[in-house]
Amino acid sequence: LHSGQALLAQLNGILDLAKIEAGKMELESIAIDPALIIHETRLLFSEAAQNKGLRLESRWNGPAGNYYLSEIG
């Protein structure tokens, strides 16, 4: 599921570049949780790291439960 979502994000990024080049990119503000993004990123790469004998650690040092606004297209 996470790998599929990562692939979808990559495809959306490519489409966003096409929108920027065409001058049709519109931005909107969304609330993001950095702790959740870090956690999901670690989950995405943890199996590959484990297969290589590596330990992958992550930590959010900011306040817990805070959301931040991010501009996305």
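Quick summary incoming for the structure in this document. Residue indices begin from 1 for each chain and proceed along its sequence in written order. Only residues with pLDDT of at least 70 get local features here, since the model is predicted, and only at 80 or more are side-chain atom pairs given and counted; chain-wide, interface and lining totals rely on the full set of residues. Hydrogens and waters are ignored; side-chain quantities use all the structure's heavy atoms.

**Considerations on the pattern of salt bridges**
- The term salt bridge refers to a side-chain nitrogen of Lys or Arg lying within 4 Å of a carboxyl oxygen of Asp or Glu. Within the structure shown, the criterion is met by 1 salt bridge.
- Salt-bridge contacts for R55 lead to E57; the nearest nitrogen and oxygen are separated by 2.6 Å.
- Any residue under 20% of the maximum accessible area for its type is buried, any over 50% is exposed, and the rest in between are partly exposed; the area is computed with a 1.4 Å probe on protein chains only. Using a relative accessible area of 55% as the deciding quantity, one classes E57 as exposed.

**Overview of helix α1 (residues 2–22)**
- A run of DSSP states H or I qualifies as a helix once it reaches four residues; a run of E qualifies as a strand once it reaches two. Both are numbered from the N-terminal end. The span expected for a helix works out to 1.5 Å for each residue beyond the first. For α1, spanning 21 residues, the distance from its first C-alpha to its last is 30 Å, which sits close to the expected 30 Å at 1.5 Å a residue.
- Following α1 by one or two positions, G23 has its phi on the positive side, about 70 degrees.

**A word on a nonpolar patch on the surface**
- Judged by side-chain polarity, L7, L11 and I14 come together as a nonpolar surface patch covering roughly 300 Å² of accessible area.
- Structurally, I14 is set in helix α1. Exposure above 30% relative accessible area and the absence of a salt bridge qualify a residue for a patch, where like charges join within 9 Å and nonpolar side chains (Val, Leu, Ile, Met, Phe, Trp, Tyr) within 5 Å. All accessible-area figures derive from a Shrake-Rupley calculation using a 1.4 Å probe, and residue coverage is judged against the displayed protein chains alone.

**Notes on the layout of surface pockets**
- Of the grid points, spaced at 1 Å and generated over the protein atoms alone, those admitting a 1.4 Å probe that cannot get out make up cavities, while open sets with protein on both sides within 12 Å along at least five of seven lines make up pockets; any residue with an atom within 4 Å of a point is treated as lining. Grid points are joined across faces, edges and corners, and a volume is the space filled by probe spheres set on the points. There is about 460 Å³ of room inside the largest pocket.
- Listing elements by their share of the lining of the largest pocket, those giving two or more residues are α1, β1 (28–32), α2 (34–51) and β2 (68–72).
- Here the residues of the lining of the largest pocket are counted per class, giving 8 nonpolar, 5 polar and 3 charged. All residues other than Ala, Val, Leu, Ile, Met, Phe, Trp, Tyr, Cys, Pro, Asp, Glu, Lys and Arg, Gly among them, are scored as polar; the first ten of these are nonpolar and the last four charged.

**Points about α2**
- Over its 18 residues, α2 extends 26 Å from the first C-alpha to the last, a length consistent with the 26 Å expected when each residue adds 1.5 Å.
- A maximum bend of about 40 degrees is found in α2 at F45.
- The term polar contact refers here to a pair of N or O atoms within 3.5 Å; inside protein, the definition further demands a hydrogen-donor-capable atom paired with an acceptor-capable atom, and it admits residues adjacent in sequence only when both atoms are side-chain atoms. The distance from a side-chain oxygen at the start of α2 to the backbone nitrogen of A35 is 3.2 Å, and the residue carrying that oxygen is D33.
- Just past α2, the residue G53 takes up positive phi, approximately 75 degrees. A residue's bend is simply the angle between two axes: one fitted to the seven residues ending at it, one to the seven starting at it.

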